[in-house]
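# Observations on the model geometry
The chain contents come next:
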Amino acid sequence: MDFSMLRNLISRYCVGEENWVDNRTVYIGHREPPPGAEAYIPQRYPDNRIVSSKYTFWNFIPKNLFEQFRRIANFYFLIIFLVQLIIDTPTSPITSGLPLFFVITVTAIKQGYEDWLRHKADNTVNRCPVHVIQHGKVVRKQSCRLQVGDIVLVKEDETFPCDLIVLSTSRQDGTCFVTTASLDGESSHKTYYAVQETKAFNTEEEVDTLRATIECEQPQPDLYKFVGRINIYLDGNEPIARPLGSENVLLRGATLKNTEYIYAVAIYTGMETKMALNYQSKSQKRSAVEKSMNAFLVIYLCILISKALINTVLKYLWQGDPGRDEPWYNGKTQSERQRHVLIRAFTDFLAFMVLFNYIIPVSMYVTVEMQKFLGSYFISWDEEMFDEELGEGALVNTSDLNEELGQVEYVFTDKTGTLTENNMEFIECCVDGLVYVPLSVCNGQILPGASGIDVIDSSPEPAKKENEELFFRALCLCHTVQVKEEETVDGIKRGINQGKGTSFYISSSPDEVALVEGMKRLGFTYLRLKDSHMEILNRKEEIERFELLEVLNFDSVRRRMSVIVRSGTGQYYLFCKGADSAIFPRVVSGKVEQIRARVQHNAVEGLRTLCVAYKMLSPAEYEEVCHLLTSAKLALHAREKKLAEAYDVIEKNFILLGATAVEDRLQDQAADTIESLHKAGMKVWVLTGDKMETAAATCYASRLFRRSTQILELTTKRTEEQSLHDVLFELSRTVLRQRRSMLRESLSGLSNDFQDYGLIIDGATLSAVLKPSEDGSSGSYKEIFLDICRNCSAVLCCRMAPLQKAQIVKLIKASKERPITLGIGDGANDVSMILEAHVGIGIMGKEGRHAARNSDYAIPKFKHLKKILLVHGHYYYIRIAELVQYFFYKNVCFIFPQFLYQFFCGFSQQPLYDTAYLTLYNISFTSLPILLYSLIEQHVSMDILKRDPSLYRDISKNSLLCWRIFIYWTFLGVFDAAVFFFGIYFLFDDATFTSNGQLMTTNTQMMFGNWTFGALVFTVLVFTVTLKLALDTHYWTWINHFVIWGSLLFYVVFSLLWGGIIWPFLNYQRMYYVFMQMLSSGPAWLSIVLLVSVSLLPDVLKKVLCRALWPTTTEHIQTKRQCLAVERSAIFMLSQTSSSIGF
């Protein structure tokens, strides 16, 4: 069950609603309706308090602990810690408890701090002052005290405190302008309307006298949908009912603009506002590295259990000899010795588990979290990904997927606003076969001195003059553009008439602004909407007024919009504009073939096209249209369906006027970015809602398709000529034939150029491919389709619905190769694709910030994708792969000598290392060097990674965390551990007892007991694993030197202090004077140097041989760079020598 649904059910139960309905009644100003009108039923609604925090002061500790111990590693170490407390184990509970406490505490502090920030933000919002009308006066109160039914006064540039219905505004026409940037990122001004009967209530006293109720649906998370109606009681008559829709609702978080003030009534408050209902957490994405870590962890857990089991069995076999018993120093009591053998064996098994549990690196998880969290700042700080125009840089919404940026195999990208600028420029229009091409007009920027009209083909005949002007009027009237009368916006001067006015056009759609500006260049200027009348300045400098009667808004299903207007002569017009696929089937007359040919021509050129049509309405027809629309708008249930049916009836039998062409330019460096992604081994798919011809032209311009690319079409047009089955198998044979020829050429040694394929598929055909067939062969078409796609270098999916974009991504994700996918887009229609992909990237574009807010990463422009993948992704993966392998390696080095030691101490569970060493090994002695390495390591420079994208292939398919490399690191750890243990054992095996019972080496006269032996092994261990990391480091800075050599120095200083001082809080000190007298021995120093060298030798030899015999592309570049450095230094030395000789 969804959490929001559960919350609604609980709230319904708590307020005692026995008969729950899907509607609510809101009494405006809490005023009861007139007697006899309807029953007054007061309802309880939540206050306006917003809660985005996760914890409270009282539940933080239990709730946070519960969440942390849900992680397997933390829970495992908790069990080990409890076992150490319950039974007698060879190591102190501190050795497990302290690292676990450190990990839990660090994570709790981080999460607590983040939640404190959320509390702070909530308090700021909840205590914000709002103005409420009470008893005819303006009263100021805190936002959290606002209630449903309160009448709120909101002034210009103020943010709406809750979801409101507009009652009246400072404008006479009852309109107000709003920006919803905080909701969907759209900074453009949107227009909202007051109901005709309430817009005259313009003062506090008048508003307070309003008696009305609002019936509306219960809170829904959809930002763009609202169904309701207002019942207004005037003079005791029957109430006047008026429909309410999304155009009447002001959402919490939006801002009032270009309007002095408004009066509005609260309908949804607090956590029931649409903004709060959208606080839904996204599904948790897990990276391939995290999955590898968990798989490795399971292997090491099996190794741990095997070690404990082997030692337990061998212990009882060894003690089977009557002369052998439990060692005296284990301190077993008589009752413990007399327990049942199974109980003793189980206790010993647990004790061995505790002794060897350090092979599981609990600190690895906190190190990985810190690395991801701190490493994500490098993306945000990257100055190359800062956009001057937007004034913003890249954003990281989640740091859990940093390394996944280095593993991408498929890139799914939107076209408009992602590959293109979404900066529309009117190019031309075609009216009755005549083409009109004005000079450049782009989003308000008119070139100075640009004037005149360039008419291609021929001048219109007088008989066609009427259609031409009707077409221009249609585009001046059929839109939702508003005119803002200010000198500047965002510091840029923009005017309708340069030098004559200071107004400019604003709209939520850049296409509409471009069309209206294009009409201005062609002689028809849209002036304003005033008192429900749209004013146009024609070529004769005459103002024409049309009364705006109805607006049939654009939606993605109809793909068109219409307006109904009445001219000054009383004639009714219905003007419609939309996609060619939405207009042509509804046209009954006009120059259809000529206009269709021009539309096809412009689409091939990559231009965005719209068709324009109209029809005349008689007064009777208009009355019928009004009746249809009013009945649909007043419906509280299935309003959208009824409106769609009404639109379908109204929008037909058109006369085609013409078509427009608007250019959406390709983004800067978009083609270079796609080419680099191809070289890096990624396959790029374009998923767009545009026409095939337009999208294909963009694909050629962006180098997704090359001129030599053979295009394979899987479209509705082709499946109408052949069956889908035949088309799929024909395409499959084509690509398989190419694959076989490539295979033959590779076997014969020929290097002939292979044919490059590109696939184009449309949304309707994709639905047929994905649709399960009736004979049960649901997966057959999918597999053939996937096989065709695998053999294509690029795929274009056009006429795609948002859900289909997500289906495509899901289909590729679920294929047998399980590739890593990336979705990138800039609009709300791309969110489903972004959420479905392994990595989602949002573009901070002109279609709003909805995609950026729902993505894992947000970047200003498409060109920045190159660096975030080829540089940052590459580095993140290299670093974290080394971190994971290194952690397992150093823990094998750490614990395997402990395993070997049991064979020499009668399996008595005697620890090899001191408690302090066991506790601090992963926390202090070896933690900082690998953390720093994972943050700043650069195996090759950034410039090389950007210049040579093929280096990305070296790390694809999770190659650095594959089982082969994991096994190598594990065996390297086992080898090094064996060298530590047996090296010390054989180098100091000549120890004898002195007269006072001390064990001393014969040749060095050094006291040599088990703690000295363990300290020597541990010293070699710390130096080896630290120097191993130093050998793997390519990018040296003073910080590396400080941390690496500082860690070794810290270990030596700590050991001297730990064993050189009598600490009063310790009952006994095993290491007293051990480390000091060990360092005073020359052979001990020699053995440390010798064993560290022997341990590191195999890895050094392996690196040298692999670089010489089987070098990767990266290693080639590293070698070349080193040679160049040596060359430069040699040249410098020679120049210095020659200059000294010359002197």
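Residues numbered from 1 in each chain as written. Predicted model: local features only at pLDDT ≥ 70, side-chain atom pairs only at ≥ 80, totals over all residues. Heavy atoms only, no water.

## Structural notes on the packing of aromatic side chains
In this structure the tally under the stated criterion is 57 aromatic pairs. A centroid spacing of 5.6 Å and a plane angle of 70° characterise the contact between Tyr-261 and Tyr-263, whose relative ring orientation is edge-to-face. We note that Tyr-261, like Tyr-263, is buried. A ring pair is formed by Tyr-410 and Trp-685, whose centres lie 6.1 Å apart and whose planes are at 70°; its orientation type is edge-to-face. Pair noted here: Tyr-410 is in strand 15 (residues 410–413) and Trp-685 is in strand 33 (residues 683–687), with a separation of 275 residues, a long-range link. An aromatic cluster is defined as three or more aromatic residues linked by ring pairs; in this entry it consists of Tyr-358, Phe-894, Tyr-913, Tyr-917, Tyr-921, Phe-925, Phe-1018, Phe-1050, Tyr-1051, Phe-1054 and Trp-1058. Here Lys-1102 stacks its cationic end above the ring of Tyr-968, 4.7 Å away from the centre of that ring. (Phe/Tyr/Trp six-rings, centres within 6.5 Å; stacked < 30°, edge-to-face > 60°. Buried < 20%, exposed > 50% of the residue type's maximum accessible area, 1.4 Å probe, protein only. Helix = DSSP H or I, 4+ residues; strand = E, 2+ residues; numbered from the N terminus. Lys NZ or Arg CZ within 6 Å of the ring centre and 35° of its normal.)

## Thoughts on the sheet that holds strand 1 (residues 23–27)
Taking strand neighbours across the sheet as the criterion, the 4 strands line up as 1-8-9-10 in an open arrangement whose pairing is antiparallel. At either margin of the open sheet sits one strand with a lone partner, and together these are strand 1 and strand 10 (240–244). With direction set aside, neighbouring strand axes in the sheet form an average angle of 20°. Where strand 9 (residues 228–232) meets strand 10, 5 bridges bridge the pair, whose relative direction is antiparallel. (Pairing = 2+ DSSP bridges. Axes fitted to C-alpha atoms, helices over the stretch in contact; angles between N-to-C directions.)

## Remarks on helix 29 (residues 915–925)
Of all 11 residues in helix 29, 9 are buried; the element is thus mostly enclosed. Ala-916, Tyr-917, Leu-918, Thr-919, Leu-920, Tyr-921, Asn-922, Ile-923 and Phe-925 are the residues of helix 29 that are buried. Two to three positions downstream of the cap, the backbone nitrogen of Ala-916 sits 3.1 Å from a side-chain oxygen, assigning the N-cap of helix 29 to Asp-914. (Polar contact = N/O pair within 3.5 Å; in protein donor to acceptor, adjacent residues only side chain to side chain.)

## Quick look at the sheet that holds strand 37 (residues 821–825)
Pairing is mixed across the open sheet formed by 9 strands, whose spatial order is 14-39-38-37-15-33-36-35-34. The sheet is open, and its two edges are formed by strand 14 (395–396) and strand 34 (710–714), each paired on a single side. When strand 37 meets strand 38 (residues 839–843), the two strands line up parallel, connected through 4 bridges. Residue Ile-824 lies in a different strand from strand 38, and its bridge partner there is Ile-841. Across the sheet, helix 23 (residues 763–770) touches strand 34, strand 35 (757–762) and strand 36 (794–798), and the angle it forms with strand 35 is around 90°. (Contact = heavy atoms within 4.5 Å.)

## Topic: the side chain of His-838
Position of His-838 relative to the elements: it lies in the loop between helix 26 (831–836) and strand 38. Contacts of His-838, omitting those with residues within four sequence positions, involve Lys-285, Leu-401, Glu-404, Lys-813, Pro-819, Ile-820, Thr-821 and Asp-856.

## Observations concerning the packing of helix 32 (residues 963–987) against helix 33 (residues 1010–1032)
Where helix 32 contacts helix 33, the two axes come as close as 9 Å, and the packing angle between them is 145°. Taken as a pair, helix 32 and helix 33 cross one another with a handedness that is right-handed. Contacts between helix 32 and helix 33 involve Trp-969, Leu-972, Asp-976, Phe-980, Phe-981, Ile-984 and Tyr-985 from the former and Phe-1013, Leu-1016, Val-1017, Val-1020, Leu-1021, Thr-1024, Lys-1028 and Asp-1032 from the latter. Looking at the contact of helix 32 with helix 33, its residues break down into 11 nonpolar, 1 polar and 3 charged. (Left-handed = near helix turned anticlockwise from the far one by under 90°. Nonpolar A, V, L, I, M, F, W, Y, C, P; charged D, E, K, R; others polar.)

## Examining the nonpolar core
Grouped together as the largest cluster of nonpolar side chains are 94 residues, with contacts concentrated most on Met-364, Val-884, Phe-894, Tyr-913, Phe-1018 and Leu-1021. It is helix 28 (residues 864–901) that provides the largest number of residues to this core, a total of 18 residues. If we skip the residues at most four places from it in the chain, Val-884 touches Val-289, Met-293, Phe-296, Met-364 and Leu-961. If you look at the next biggest cluster of nonpolar residues, it comprises 39 residues, including Ile-843, Phe-862, Leu-870 and Tyr-952. (Core = buried A, V, L, I, M, F, W, Y, C linked by side-chain atoms within 4.5 Å.)

## Quick notes on the UniProt feature "active site" (unreviewed entry) in the chain
UniProt marks Asp-414 with the feature "active site" (unreviewed entry), using the numbering shown here. Mapped onto the fold, Asp-414 is located in the loop between strand 15 and strand 16 (420–431). With a relative accessible area of 3%, Asp-414 lands in the buried category. Looking at Asp-414, its side chain comes within polar contact range of the side chain of Lys-805, at 3.3 Å. (UniProt positions renumbered as here; feature names shortened; annotations may be inferred.)

## Examining the pairing of strand 37
Within a regular strand, the side chains alternate between the two sheet faces. Strand 37 sits mainly inside the fold: 5 of its 5 residues count as buried. Side-chain alternation along strand 37 places Thr-821, Gly-823 and Gly-825 on one buried face and Leu-822 and Ile-824 on a second face that is also buried. One ladder, built from 4 bridges, connects strand 15 with strand 37; its direction is parallel. Across the sheet, the residue bridging to Phe-412 is Gly-823, located in strand 37.

## Thoughts on helix 10 (residues 341–356)
Here helix 10 is 16 residues long and its end C-alpha atoms lie 22 Å apart, about the 22 Å a rise of 1.5 Å per residue gives. Buried residues of helix 10: Thr-347, Asp-348, Phe-349, Ala-351, Phe-352, Met-353, Val-354, Leu-355 and Phe-356, and no others. (Expected span 1.5 Å × (residues − 1).)

## Re the packing of helix 11 (residues 362–375) against helix 30 (residues 927–936)
As a packed pair, helix 11 and helix 30 sit with axes 10 Å apart at the nearest point and diverge in direction by 35°. Seen from above, helix 11 lies across helix 30 with right-handed handedness. On the side of helix 11, the interface is formed by Thr-367, Met-370, Gln-371, Leu-374 and Gly-375, while helix 30 contributes Leu-931, Ser-934 and Leu-935. When the residues that make up the contact of helix 11 with helix 30 are grouped by side-chain class, the tally is 4 nonpolar, 4 polar and no charged.

## Notes on the pairing of strand 2 (residues 129–134)
As paired strands, strand 2 and strand 3 (residues 137–142) are joined by 6 bridges and run antiparallel to one another. Looking across to strand 3, one finds that Val-132 is bridged to Val-139. Of the strand pairs in this sheet, strand 2 and strand 4 (residues 151–155) are connected by 3 bridges, and their pairing is antiparallel. Its bridge partner lying in strand 4, Val-132 is registered against Val-152.

## A few points about a nonpolar patch on the surface
A cluster of nonpolar side chains, namely Met-370, Phe-373, Leu-374, Tyr-377, Phe-378 and Trp-381, defines an oily patch on the protein surface of about 540 Å² accessible area. Counting only elements with at least two residues in the nonpolar patch, the list comes to helix 11 and helix 12 (377–380). Among the elements that line the nonpolar patch, the one with the most residues is helix 11, at 3 residues. Tracing the backbone shows Tyr-377 in helix 12. (Patch = residues over 30% accessible without salt bridge, like charges linked within 9 Å, V, L, I, M, F, W, Y side chains within 5 Å. Areas by Shrake-Rupley, 256 points an atom, 1.4 Å probe, with all protein chains shown as cover. Salt bridge = Lys/Arg side-chain N within 4 Å of Asp/Glu carboxyl O.)

## As for the environment of Thr-124
Structurally, Thr-124 can be placed in helix 4 (residues 94–126). Classification of Thr-124 as exposed rests on a relative accessible area of 57%. A sequence separation of 19 residues divides Thr-124 from Ser-143, and the C-alpha atoms of the two residues are 9.8 Å apart. A distance of 2.9 Å separates a polar side-chain atom of Thr-124 from the backbone oxygen of Lys-120.

## Quick word on unusual backbone geometry
Even without being a glycine, Asp-157 presents a positive backbone phi close to 70°. Looking at the element boundaries, Asp-157 is found in the loop between strand 4 and strand 5 (163–169). The class of Asp-157 is partly exposed, set by a relative accessible area of 48%. One non-glycine residue, Arg-703, lies in positive phi territory at about 65°.

## Thoughts on the confidence of the model for the chain
Low pLDDT marks stretches whose predicted atomic positions should not be read closely. Here the chain averages 80 in pLDDT, and 81% of its residues register 70 or above. Counted against residues more than four places away or in other chains, residues 1–20, with its pLDDT under 50, gives 11 contacts. For residues 993–998, every residue scores under 50 in pLDDT, and the model assigns this stretch 5 contacts once sequence neighbours within four places are set aside. (pLDDT = per-residue confidence, 0-100.)

## With respect to the pattern of salt bridges
Evaluated as defined, the whole model comprises 36 salt bridges. With a shortest N-O distance of 3.2 Å, Lys-867 and Glu-384 are connected by a salt bridge. Linking Lys-867 in helix 28 with Glu-384 in the loop between helix 12 and strand 14, this pair joins segments that are 483 residues apart in sequence. Since its relative accessible area comes to 7%, Lys-867 is described here as buried. One network of salt bridges, in which partners are shared, links Asp-382, Glu-384, Lys-867 and Lys-946.

## A word on the environment of Ile-61
Note that Ile-61 resides in helix 2 (residues 60–68). Overall, Ile-61 belongs to the exposed group, its relative accessible area being 57%. Considering only alpha carbons, one finds Ile-61 and Ala-108, 47 residues apart in sequence, at a separation of 8.5 Å.

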